[in-house]
Amino acid sequence: MVAKVLYRIHLATLIRAGEPDLKRVNLRIDRARAVAADQEASGLPELDFSFRVLVLGKTGVGKSSTINSIFDETKVTTDAFQPATDRVQEILGTVNGVKVSFIDTPGLLPSSANSVRHNRKILHSVKRFIRKHPPDMVLYFERLDLINMGYSDFPVLKLITQIFGSAIWFNTILVMTHSSSVLPEGPNGYSVSYGSYVSQCTDLVQHHIHQAVSDSKLENPVLLVENHPHCRTDSSGEKILPNGQVWRSQFFLLCICTKVLGDVNISLEFRDRIELGPSSSTRLPSLPHLLSSFLRHHIVSPSGAENEIDEIALSDLEEEDEYDKLPPIRILTKSQFQKLTESQKKDYLDELDYRETLHMKKQLKEEVCKRRENKLSQGDESTVDDNLDNQDEPPESVQLPDMAIPSTFDSDCPVHRYRCLVTGDQWFARPVLDPHGWDHDVGFDGINLETSAKVSKNVFASVTGQMSKDKQEFTIQSECAAAFVDPRGPTYSVGLDVQSSGKELIYTVHSTTKMRNLKSNITECGVSVTSFGNRYYVGAKLEDSISVGRRLKFLANAGRMGGHGQVAYGGSLEATLRGSDYPVRNDKISLAMTVLSLNKETVLGGNIQSDFRLTRGTKMSVNANLNTRSMGQVCLKTSSSDHVEIVLIAVITFFRALLRRKAADDLNKEALGTEYS
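Remember, it's a predicted structure, so these values are computed and weren't measured experimentally. (Residues numbered from 1 in each chain as written. Predicted model: local features only at pLDDT ≥ 70, side-chain atom pairs only at ≥ 80, totals over all residues. Heavy atoms only, no water.)

### Examining the overall build of the chain
Each helix and strand counted, the chain has 14 helices and 20 strands in total. A total of 677 residues make up the chain; the buried ones form 33% of that total. A total of about 42,800 Å² of accessible surface is found on the chain, and carbon and sulfur atoms cover 55% of it. (Helix = DSSP H or I, 4+ residues; strand = E, 2+ residues; numbered from the N terminus. Buried < 20%, exposed > 50% of the residue type's maximum accessible area, 1.4 Å probe, protein only. Areas by Shrake-Rupley, 256 points an atom, 1.4 Å probe, with all protein chains shown as cover.)

### Notes on the pairing of strand β5 (residues 172-177)
Most of β5 is tucked away: six of the six residues are buried. Note that strand β4 (residues 137-143) and β5 share six bridges and pair parallel. When the bridges of β5 are listed, L139 appears paired with I173. Taken together, the three bridges between β5 and strand β6 (residues 222-224) define a ladder with parallel strand orientation. Of the residues in β6, the one forming a bridge with L174 is V222. In the classification by handedness, the crossover that spans β5, the intervening helix α6 (residues 194-213) and the parallel β6 is right-handed. (Pairing = 2+ DSSP bridges. Right-handed = clockwise from strand over helix to strand, strands pointing away.)

### Concerning the packing of helix α5 (residues 154-164) against α6
It is the contact of α5 with α6, at a shortest axis distance of 9 Å, that shows an interaxial angle of 45 degrees. With respect to their mutual orientation, α5 and α6 come out oblique. In terms of crossing hand, the pair formed by α5 and α6 is right-handed. Seen from α5, the contacting residues are F154, L157, K158 and T161; seen from α6, they are V205, H208, I209, Q211 and A212. In terms of residue class, the contact of α5 with α6 is built from five nonpolar, three polar and one charged. (Axes fitted to C-alpha atoms, helices over the stretch in contact; angles between N-to-C directions. Parallel < 35°, antiparallel > 145°, perpendicular 65-115°, else oblique. Left-handed = near helix turned anticlockwise from the far one by under 90°. Contact = heavy atoms within 4.5 Å. Nonpolar A, V, L, I, M, F, W, Y, C, P; charged D, E, K, R; others polar.)

### A look at unusual backbone geometry
One non-glycine residue, H178, adopts positive backbone phi at about 55 degrees. Relative to the assigned elements, H178 resides in the loop between β5 and α6. The class of H178 is partly exposed, set by a relative accessible area of 28%. Backbone geometry at H564 places phi at a positive 60 degrees, although glycine is not the residue there. Tracing the chain through its elements places H564 in the loop between β15 (552-563) and β16 (566-578). Look at H564 and you get partly exposed, because its relative accessible area is 38%.

### Some details on the confidence of the model for the chain
When pLDDT is averaged along the chain, the result is 77; 73% of the residues meet or exceed 70. Across residues 302-306, confidence stays below pLDDT 50; counting only partners more than four residues off in sequence or on other chains, it has 14 contacts. Contacts for the low-pLDDT stretch residues 381-392, under 50 throughout, to residues beyond four places or in other chains number five contacts. (pLDDT = per-residue confidence, 0-100.)

Structure (structure tokens):
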């Protein structure tokens, strides 16, 4: 344990100094051990060492008794039949020249519906106390003899995490009292070994801590304690555990090592050091994440003037319209279709699909042609006045059917029914469906709003947002954008994004300028300012895209994001090949390479994405990525209007979940068998 602490201290110092050679690290750690041994042998140096310990645990687990055992005197009153500690108090003392301070707390009640309020009140009183007297470490107590396979104190651990933050567990030592109790019998009728039983119990408690913190890599040191007066002792009077360990010496070793590591983190001013107690700052966002999001973000003009599909469709207007030259086709009824052979059915469906594609292209060309004529007519005010009477009337409004509402929400009066919220003709409002509602089978706990409007001749604005509210959390995500389309070509846009992150809000203001240098070349530059708490992050990017023909497109971008003394750089290069039916169908395959750099560390990544149609009614999307850290993922998505495919997907998913569960159960049984053997 001491060697590990010395190694971590020395390694942290070398990291701080930028030492890259690990062989030199190993040589210097050996020298550090030798120096420490010489100073210990000579009695130097004399240190004025002290530490403060916070004690937490359920009532009756032996917190006060352990404090008395450490001081070897009665510092706190104990009672075997009722809780003896009724308030938060600090207990001071000196053991072997080391000043020790314990923050003794009232015991928490076991998990139940009636104990949550009581435990919350106790933990808040502890939180107020440690604001003035911050501890160096935490001791969390459990009774070793009362832990079994049915142990479940996750609600208590989760409540501690919610009030103090997850950082409290990174400086916590698990204390198992009653460690000399009689061991239970194993499956074969004999007592299990002491080591395997302790490992099984501590792993169970550690598993619940992992769930409370959502971090499976956390490992808390374990201290075994026995306070019974008839516990076996050595020649010096120190209590000995069944494994031969003197637990008081182990307690001081763990506490001193934890204290030293905490002091080193503070002296080196590590940005990610763990601060116990109330958090002084909210968790900061990752600069590479902010940069990659900024590079992917694009503000689309609400007018559609810069829509690339329009430009592609305009280039095809000179071609002959194939759809009008097609001969008429007879649409078969269902009974007539069933009489066809398999090859005839395939040819018939292919012909319908081909005609549908041509019809969609024709509609798109007509829409683009009409839009271009309107754009040209806006340049002359007289032409605009002449065409006012000839403009098509807005399409007639079509009333949507009522939403399917569960019987719980039904009412005889239609006014009281939950309906889609409509505040005006320009707003499109939809409820957010939560299939796992709190009170009912189906709940609507949010609203989604969208609108776009033409502010003036060349200025357009759009607002989209979603708000959700449940019994504990309120979340909001919104994007507001305004664009000015210069008739000479460039498009200038500005936007404001608001997103909730826990109890904080992240504000991002970004502005972009898009210019078309050539018919097939678009250049875009942008800046952004992100505000999170009292910190600000400033970013800039430059992007250029080139289209080769109608189907091939190349895109390259680069940018930086800086703030809080750090700067991240990144960029990407992407090639996209679209399907032959683009833009009416969005089949495509794209290859991309990304690079991100932060603090002299560079990460390269590759990504491949493909969207295609498997059959007439089935679409699939494949996305895979991998980086130089050997991290990546593969994502498959499918949507189908064919019932057979949907059923097959559901069956495969169901059996896959069963196989995973069976494998996990077999692994647990094998682990338990190994422990007892």
